[in-house]
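Structural features, examined
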Amino acid sequence: GSKNLKEYTTRMWFVYILLCHGGNLYTGIALDIDKRFREHVSGKGGAYTRSHPPERIVYTEQIESRSAALRREAEIKRWSRDTKIRTLHLKISIK
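Every chain begins its residue count from 1, and numbering advances along the sequence as written. The model is predicted, so local features are restricted to residues of pLDDT at least 70 and side-chain atom pairs to those at 80 or more, both for listing and for counting; the totals for chains, interfaces and linings are taken over all residues. Where side-chain values are given, they derive from all heavy atoms of the structure, hydrogens and water being excluded.

**Notes on the nonpolar core**
Most often, soluble globular proteins have nonpolar side chains that are buried together. Ranked by size, the top nonpolar core spans 17 residues in total, and within it I17, L25, V58, I76, L88, L90 and I92 carry the most contacts. Of all the secondary-structure elements, those providing two or more residues to this core are β1 (13–20), β2 (25–30), β3 (54–63) and α4 (66–78). Contacts of L88, omitting those with residues within four sequence positions, involve I17, Y59, R72, I76, W79 and T83. If you look at the next biggest cluster of nonpolar residues, it comprises 7 residues, including L18, A30, I33 and F37. By convention a nonpolar core is built from buried Ala, Val, Leu, Ile, Met, Phe, Trp, Tyr and Cys residues, the set being connected through side-chain atoms within 4.5 Å. Each residue is assigned to one of three classes by its accessible area relative to the maximum for its type, calculated with a 1.4 Å probe on protein chains only: buried under 20%, partly exposed between the two thresholds, exposed over 50%. Secondary structure counts use DSSP, requiring at least four H or I residues in a row for a helix and at least two E residues in a row for a strand, with both numbered from the N terminus. Throughout, a contact is declared for two residues whenever any of their heavy atoms are within 4.5 Å.

Written as C-alpha cells, this is what we have:
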C-alpha cells in the first residue's frame, strides 16, 4: 500500500567504501550497507569484489537520494587512492 511506498521514498541512501584483499578500495552505493556488504562477501556484489574479496567497510556517508548518492559515488571514484584516504580520513595505510 501507500505506507510501503512512503517508507521506500523516505529511506536514505549511502555511499560506502570497502577495503578489499590486497589493499584495494571499492566505492559503491546502497540502501542497506550491511546487506550489500554480505552480498559482496558472498560473491554476489559485483565482478570487482568477486576477484578482490572485501575485508571491511572503511567509510559510509548518508545521502538524501539515489541520484545524489550516484553523483557522490562518481566524485569519489575519480579520486586517487591517496586522496580518498586523506580526504575521507580512512583508517588504512597509504601504500
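**Looking at the packing of aromatic side chains**
Each aromatic pair joins two rings of Phe, Tyr and Trp (for Trp, the six-membered one) with centres within 6.5 Å, and gets the label stacked for planes under 30 degrees apart, edge-to-face for over 60, and tilted for any other angle. Applying the stated criterion across every chain yields a total of 2 aromatic pairs. An angle of 40° between the planes, with centres 6.4 Å apart, marks the rings of Y16 and Y26 as tilted. Linking Y16 in strand β1 with Y26 in strand β2, this pair joins segments that are 10 residues apart in sequence. Relative accessible area serves as the criterion here: at 2%, Y16 is assigned to the buried category. On the basis of an interplanar angle of 20° and a centroid distance of 5.9 Å, the ring pair of Y26 and Y48 is categorised as stacked. Of this pair, Y26 sits in strand β2 while Y48 sits in helix α3 (residues 47–51), and the two are 22 residues apart along the sequence. The exposure class assigned to Y26 is buried, which follows from its relative accessible area of 17%. Taken together through their ring pairs, the aromatic side chains of Y16, Y26 and Y48 make up a single cluster.

**Section: the pattern of salt bridges**
Criterion for a salt bridge: a side-chain nitrogen of Lys or Arg within 4 Å of a carboxyl oxygen of Asp or Glu. Scanning the model with the defined rule gives 4 salt bridges in all. As a salt-bridge pair, R36 and E39 come within 2.9 Å of each other at their nearest N and O atoms. Of this pair, R36 and E39 both sit in helix α2 (residues 33–41), 3 residues apart, which is roughly one turn of that helix. Salt-bridge contacts for E61 lead to R72; the nearest nitrogen and oxygen are separated by 3.0 Å. Note that E61 is positioned in strand β3 and R72 in helix α4, a separation of 11 residues in sequence. Taken together, the shared-partner salt bridges connect E61, R72 and E75 into one network.

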